[in-house]
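Given next are the chains, with one letter for each unit.
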Amino acid sequence: ADYIWFEGTPLPNLQNNKEILEEFLPEFVIRDENIIIESYPKSGTNWLIEIVCLIQNKGNPELIQSVPIWQRSPWIETKIGHQTLINNEGQQLISSHLPFHLFPKTFFSSKAKMIYVIRNPRDVLVSGYYYWSKTKFAKNPESLTTYFEWFLKGNVPYGSWFEHTRGWLSMRKCENFLLLSYEDMKKDTRRTIEKICDFLGKKLEPDELDMVLHYSSFQAMKENKMSNYSLLKKEIVADGFVFLRKGTTGDWKNHFTVAQAEAFDKVFQEKMAGFPPGLFPWE
Ligand code: A3P
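- In the annotation of an unreviewed UniProt entry, the chain is listed under the name Sulfotransferase and assigned to Cricetulus griseus.
- As its UniProt record puts it under Subcellular location (unreviewed entry), the chain is described as follows: "Cytoplasm".
- Of the comments in the UniProt record for the chain, the one headed Sequence similarities (unreviewed entry) reads "Belongs to the sulfotransferase 1 family."

### Observations regarding the overall build of the chain
Here's step 1: For the chain, the count of helices and strands is eleven helices and six strands.
Here's step 2: In terms of overall size, the chain behaves like a compact globule, its C-alpha atoms giving a radius of gyration of 18 Å where 283 residues would be expected to give roughly 19 Å.
Here's step 3: When its C-alpha atoms are laid out on the principal axes, the chain stretches across 50 × 40 × 40 Å.
Here's step 4: In the chain, buried positions account for 57% of the 283 residues.
Here's step 5: Across the chain, contacts joining residues at least 24 apart in sequence account for 72% of those joining residues at least 6 apart.

### A look at the side chain of Asn-34
Here's step 1: Residue position: Asn-34 is located in the loop between α1 (17-24) and β3 (35-39).
Here's step 2: Look at Asn-34 and you get buried, because its relative accessible area is 0%.
Here's step 3: Of the polar contacts made by the side chain of Asn-34, one reaches the backbone nitrogen of Arg-31; its length is 2.8 Å.
Here's step 4: In contact with Asn-34, other than residues within four places in its own chain, are Asn-88, Gln-91, Gln-92, Ile-94, Ala-112 and Lys-113.

### Here we look at the nonpolar core
Here's step 1: By size, the foremost hydrophobic cluster in this structure holds 95 residues, and its most contacted members are Phe-151 and Ile-196.
Here's step 2: The element contributing the most residues to this core is helix α2 (residues 45-56), with eight residues.
Here's step 3: Once residues within four sequence positions are removed from consideration, Phe-151 is found in contact with Tyr-40, Pro-121, Val-124, Leu-125, Val-156, Trp-161 and Phe-264.

### A few points about the site of the ligand
Here's step 1: The environment of the ligand is made up of 18 residues, and the closest members are Thr-45, Ser-127, Tyr-182, Lys-246 and Gly-247.
Here's step 2: A distance of 2.8 Å is found between an oxygen atom of the ligand and a side-chain nitrogen or oxygen belonging to Asn-46.
Here's step 3: Within the backbone of Phe-218, a nitrogen or oxygen atom sits 3.4 Å from a nitrogen atom of the ligand.
Here's step 4: Look at the ligand: alone it shows 570 Å² of surface, and the protein chains cover 98% of it.
Here's step 5: Elements with a contribution of two residues or more to the shell around the ligand: α2 and α10 (218-223).
Here's step 6: When residues in the shell around the ligand are grouped by element, the largest group, three residues, is from α2.

### Quick notes on the sheet that holds strand β5 (residues 113-118)
The pairing of strands in a sheet happens through backbone hydrogen bonds and is either parallel or antiparallel.
Here's step 1: With parallel pairing, four strands are arranged side by side in an open sheet as β4-β3-β5-β6. The sheet is open, and its two edges are formed by β4 (93-96) and β6 (177-181), each paired on a single side. Along the sheet, successive strands turn relative to each other by an average axial angle of 20°, direction set aside.
Here's step 2: For β3 and β4, the ladder comprises four bridges, and the chain directions are parallel. When the bridges of β4 are listed, Ile-37 appears paired with Ser-95.
Here's step 3: Contacts from α2 reach β3, β4, β5 and β6 within the one sheet, and its direction differs from that of β3 by about 160°.
Here's step 4: Helix α8 (residues 189-200) rests against β3, β5 and β6 of the sheet, and its axis sits at about 175° to β6.

Thresholds applied
- Residues numbered from 1 in each chain as written.
- Predicted model: local features only at pLDDT ≥ 70, side-chain atom pairs only at ≥ 80, totals over all residues.
- Heavy atoms only, no water.
- UniProt positions renumbered as here; feature names shortened; annotations may be inferred.
- Helix = DSSP H or I, 4+ residues; strand = E, 2+ residues; numbered from the N terminus.
- Rg over C-alpha atoms; globule rule 2.2 N^0.38 Å.
- Buried < 20%, exposed > 50% of the residue type's maximum accessible area, 1.4 Å probe, protein only.
- Contact = heavy atoms within 4.5 Å.
- Polar contact = N/O pair within 3.5 Å; in protein donor to acceptor, adjacent residues only side chain to side chain.
- Core = buried A, V, L, I, M, F, W, Y, C linked by side-chain atoms within 4.5 Å.
- Near = heavy atom within 4 Å.
- Areas by Shrake-Rupley, 256 points an atom, 1.4 Å probe, with all protein chains shown as cover.
- Pairing = 2+ DSSP bridges.
- Axes fitted to C-alpha atoms, helices over the stretch in contact; angles between N-to-C directions.

Structure follows, in structure tokens:
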């Protein structure tokens, strides 16, 4: 499938999500009670959703083992889980990959909290290459070389990583915005969970925190059919689709040529100039 182009940004093509984009989104009212999980695809979004769901349930896995992840935190811009959101009532968690400039404007005058997760774009690229090769709702790259070029041009679902990240990072000093990285989540998951608890105003007992850690681990999520996307219909993913693929940092080193690594560094430095050192833990 080709993309849906929405105001200049390529987006996945999930049957009727053109209507969602054109009719539903512009009218969508974000409530103060909403918690929004926002990211560029393949940055650890679903891991974060799992953690937040577990925090809300004090580590009890009942919910995450009985309701598919895309219904627990529905995506505003796609058909998947969208039904849950029609009136945005009683639903606290919302997910989105939309770039800053396409996000429903009511958010910016609300008290809703947003957690934005970033990841080394080189690993995002590799993860995305495997993911989009097996989905039927976006263009399938025939090789990593092809996908590498698309990625640098922003000709991939949700557009340029660089623009997406620049856009949302403009909010990094706002009180209702929490910036996390996949790298910090991997390095110290417990500390990240504590940060999220502080941000959401939740207090967990040590044994509850242990449960959150346990049930959000790569292995636990991979084995949980409500979280590993194995329930996705065959019409939208191809054979061999694996959502929880590797779950590591630095896999790009196993994939990039020396020339690609150099080309990427150059683009990164150009496009991300001006941000303080230390903002990107992988650099
Ligand atoms: P890889 O393809 O590198 O394995 P998103 O949810 O934003 O689409 O991100 C998907 C990436 O997050 C995949 O990366 C996936 O394996 C990884 N991931 C998902 N759950 C994880 C977990 N519990 N621990 C570590 N990585 C996880």
